[in-house]
Each structure stands twice: as structure tokens, then as C-alpha cells.
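A closer look at the structure
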Amino acid sequence: MPGELSPIDKAKFVAAKRAADMVEDGMRVGLGTGSTAAWLVRHLGDRVRDEGLRIKGVPTSARTAQLARQVGIEVITLDEAGTLNITIDGADEFDRDLNLIKGGGGALLHEKIVAAASEEVVVIADAAKEVGTLGAFPLPIEVIPFGWTTTQMLVEELLVAADVMGRRITLRMNAGKPFLTDEGNHILDLHLSRIGNARQLAMALNQMPGVVENGLFVDLCDKVIIGYSDGRVETR
Ligand code: 5RP
């Protein structure tokens, strides 16, 4: 492990290492997005270089694609791959049922499609990501730019009707401009504090005109690998 890592990065590093060791020769692998997933990509790159591991990676973002190529992983599209043997990705929150909030890095749409195409979905996370109830982390929803203020209003009405606690919605910004996803969409962050019924909310959000996808991953994750800053790793 690089000696200069912060405690949180040590936790991410060891979780990513454990997951990278699960990948077998010949696999088609979904590559997540974010700082934890970036460790995974580097670990896999080490295995490609040192062990001659042959894998095909399907990145969930342009950032991950760039890193994967840099470290020597063959990159293919999801359409070329068809199905994936495994996807390994980070998360912003996970609960005891392995339901997730994702999208802190803005890649939730591609992440959800790639997860849905995978035989196994493994989340790698530091221990701070575990929660009793999802919702303290702002829930990202990807919306099309056209009429996004109308979409925001419709989502606000939905949250009132569903009696969801905490209802502030913010447009994600980047350098003074609306953040753009890899699909050219915007992100609305829903500051909800607590999500009672994640499945219901996820379904209702995706029915709103203008909403492309939401960051609730319900029944998509098979396993969570939790890293600790002292080097311990736990699998759920
Ligand atoms: C990106 C994601 C990330 O997996 C999530 O934000 C976790 O990121 P990090 O590993 O940097 O904490 O969903 O869209």
C-alpha cells in the first residue's frame, strides 16, 4: 500500500484490492466510477501488467475509461460486451439490505445500466458509507436539460405527496455552470435526510417527465466489500 495514503484512502484501497482479486482471466468487467473505483482500476491494471490477466473492461464514465486505458486494461463498450461477468463499483451509501445511493460522481445512469447487465455486482466502500436508513447523502437524479425547472417542480410535488422528510432540491453545479453528465444531462440533488421506502421512491421518480434515472440502486447489489483504515476487510 502506498505509505502516504489518508485513513479513508487506505480503507478504499484495501476494499478495492480485495475486489480486484475476485476478477478472473477472460472476464468482462464493469468498471465503476469514483475514487474507490479508481483504486480498483489501478489494482486491475497492476494484475494485467504483472500477471498477464486478460480482461475486457466496460467503464461507467469517460473518466474511468481514460484511467482504464492508461493502466493497460482493454476497454470495450457495453454493446460489444453484451453481458458482464462482474461489475465492481463504489457507492455513496449502503444499508443492511445492500440497497444503495449512488451518483455522487454523476455517473449513476451508466452505472445502473452496467450493473443491470452484470451477473454479479460488487460494491466497494469504506466503512463510513454504511447507514441504517438511506437518505443522509443527497439523492442524485439525472434529468434532461430541457425544462429542468419543471422537472424539479414535479419532483417537489411528488415528495410532498409521498410525505418524504426534507425536500430541498439543488441543481448540481460545476465551475459556475450546471454539471453535465456523460450523456449531457443535469443532476438534481435531493436533500431528503431519510428515505423510508427506497423501492417506491425510485419507481415514482422514474415516472416523472424529464427524469432519466435516479441514484437509488434497489436489489442490484450482490455483495459489499467494506474496507477499514487499519487494513481490515469485511464482506457482506
Ligand atoms: C459515482 C458514484 C460513486 O461510486 C460514488 O459517488 C462513490 O464515490 P467514492 O468512491 O469517490 O466515494 O456513484 O457516480
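Since this is a predicted model, take the numbers as computed values, not measurements. (Residues numbered from 1 in each chain as written. Predicted model: local features only at pLDDT ≥ 70, side-chain atom pairs only at ≥ 80, totals over all residues.)

1. Overview of the overall build of the protein
For clarity, the threshold we go by: Going along the chain from the N terminus, every DSSP run of H or I of four or more residues is numbered as a helix, and every run of E of two or more is numbered as a strand. The globule rule is 2.2 Å times the number of residues to the power 0.38, and the radius of gyration it is compared with is taken over C-alpha atoms. Field definition: a residue is buried when 20 or more other C-beta atoms are found within 10 Å of its C-beta, exposed when 12 or fewer are, and partly exposed for counts in between, with C-beta atoms placed from the backbone. Residues are defined as contacting one another if the C-beta atoms placed from their backbone atoms lie within 7 Å.
A count of helical and extended segments in the protein gives seven helices and 16 strands. For 236 residues, the compact-globule estimate of 2.2 N^0.38 gives 18 Å, and the C-alpha radius of gyration of the protein, at 18 Å, lies within 12% of that figure. Principal axes of the C-alpha set define a box for the protein whose edges measure 55 × 35 × 35 Å. Of all 236 residues assigned to the protein, the portion counted as buried reaches 47%. Partitioning the contacts of the protein with sequence separation of at least 6, the portion at a separation of at least 24 is 75%.

2. Describing the sheet that holds strand 13 (residues 211-214)
Rules: Here the rule is simple: two strands pair whenever DSSP picks up at least two bridges between them. Axis lines are fitted to C-alpha atoms, over the contacting stretch for helices. Their N-to-C directions set the angle, which ranges from 0 to 180 degrees.
Read from one edge to the other, the open sheet built from four strands follows the order 9-12-8-13, with strand pairing classed as antiparallel. A single partner strand is all that each edge strand has here, and the edge strands are strand 9 (168-171) and strand 13. Here the strands of the sheet are splayed against their neighbours by 25° on average, with no regard to which way each runs. Two elements, strand 9 and strand 12 (residues 186-191), share four bridges in a ladder whose sense is antiparallel. Pairing of Arg 168 across the sheet is with His 191, part of strand 12. Along the sheet face, helix 5 (residues 108-116) touches strand 8 (139-143) and strand 13 and points at about 65° away from the line of strand 13.

3. Let's talk about the packing of helix 2 (residues 35-51) against helix 3 (residues 62-70)
Keep this limit in mind: Here the angle decides the label: under 35 degrees means roughly parallel, over 145 means roughly antiparallel, 65 to 115 means roughly perpendicular, and every other value means oblique. Throughout, a crossing is termed right-handed when the near helix is turned clockwise from the far one, and left-handed when it is turned anticlockwise from it by less than a right angle. Each residue is assigned to one of three groups, with Ala, Val, Leu, Ile, Met, Phe, Trp, Tyr, Cys and Pro labelled nonpolar, Asp, Glu, Lys and Arg labelled charged, and all others, Gly among them, labelled polar.
Taken N-terminus to C-terminus, the directions of helix 2 and helix 3 make an angle of 25°; their axes are 9 Å apart at the nearest point. On the basis of their axis angle, the class for helix 2 and helix 3 is roughly parallel. Considering how the two elements wind past one another, helix 2 and helix 3 form a crossing that is right-handed. Residues Ala 37, Ala 38 and Val 41 of helix 2 lie in contact with helix 3, whose contacting residues are Thr 64, Leu 67 and Ala 68. When grouped by side-chain class, the residues that make up the contact of helix 2 with helix 3 number five nonpolar, one polar and no charged.

4. What to know about the site of the ligand
This is how the line gets drawn: Nearness rests on one distance test: the residue's C-beta atom, set from the backbone, must lie within 6 Å of the molecule or strand.
Lining the immediate surroundings of the ligand are 18 residues, of which Gly 34, Thr 36, Gly 90, Gly 104 and Gly 105 lie closest. Counting only elements with at least two residues in the shell around the ligand, the list comes to helix 2 and helix 5. At three residues, helix 2 tops the list of elements feeding residues into the shell around the ligand. Looking at the shell around the ligand residue by residue, the classes come out as four nonpolar, ten polar and four charged.

5. Here's the deal with the nonpolar core
Under the convention used in this document: A set of buried residues qualifies as a nonpolar core if it consists of Ala, Val, Leu, Ile, Met, Phe, Trp, Tyr and Cys joined through C-beta atoms within 7 Å.
Core analysis: the largest hydrophobic core is formed by 60 residues, its most contacted members being Ala 15, Ala 19, Leu 40, Val 41, Val 123 and Ile 124. The element contributing the most residues to this core is helix 1 (residues 7-20), with seven residues.

6. Section: unusual backbone geometry
You will see that Leu 98, though not glycine, has its phi angle at about 65°, which is positive. Within the secondary structure, Leu 98 is located in the loop between strand 5 (93-94) and strand 6 (100-101). Classification of Leu 98 by C-beta neighbours within 10 Å gives partly exposed; the count is 18. Of note, the phi angle at Ser 193 is positive, near 70°, even though the residue is not glycine. Position of Ser 193 relative to the elements: it lies in the loop between strand 12 and helix 7 (198-205).

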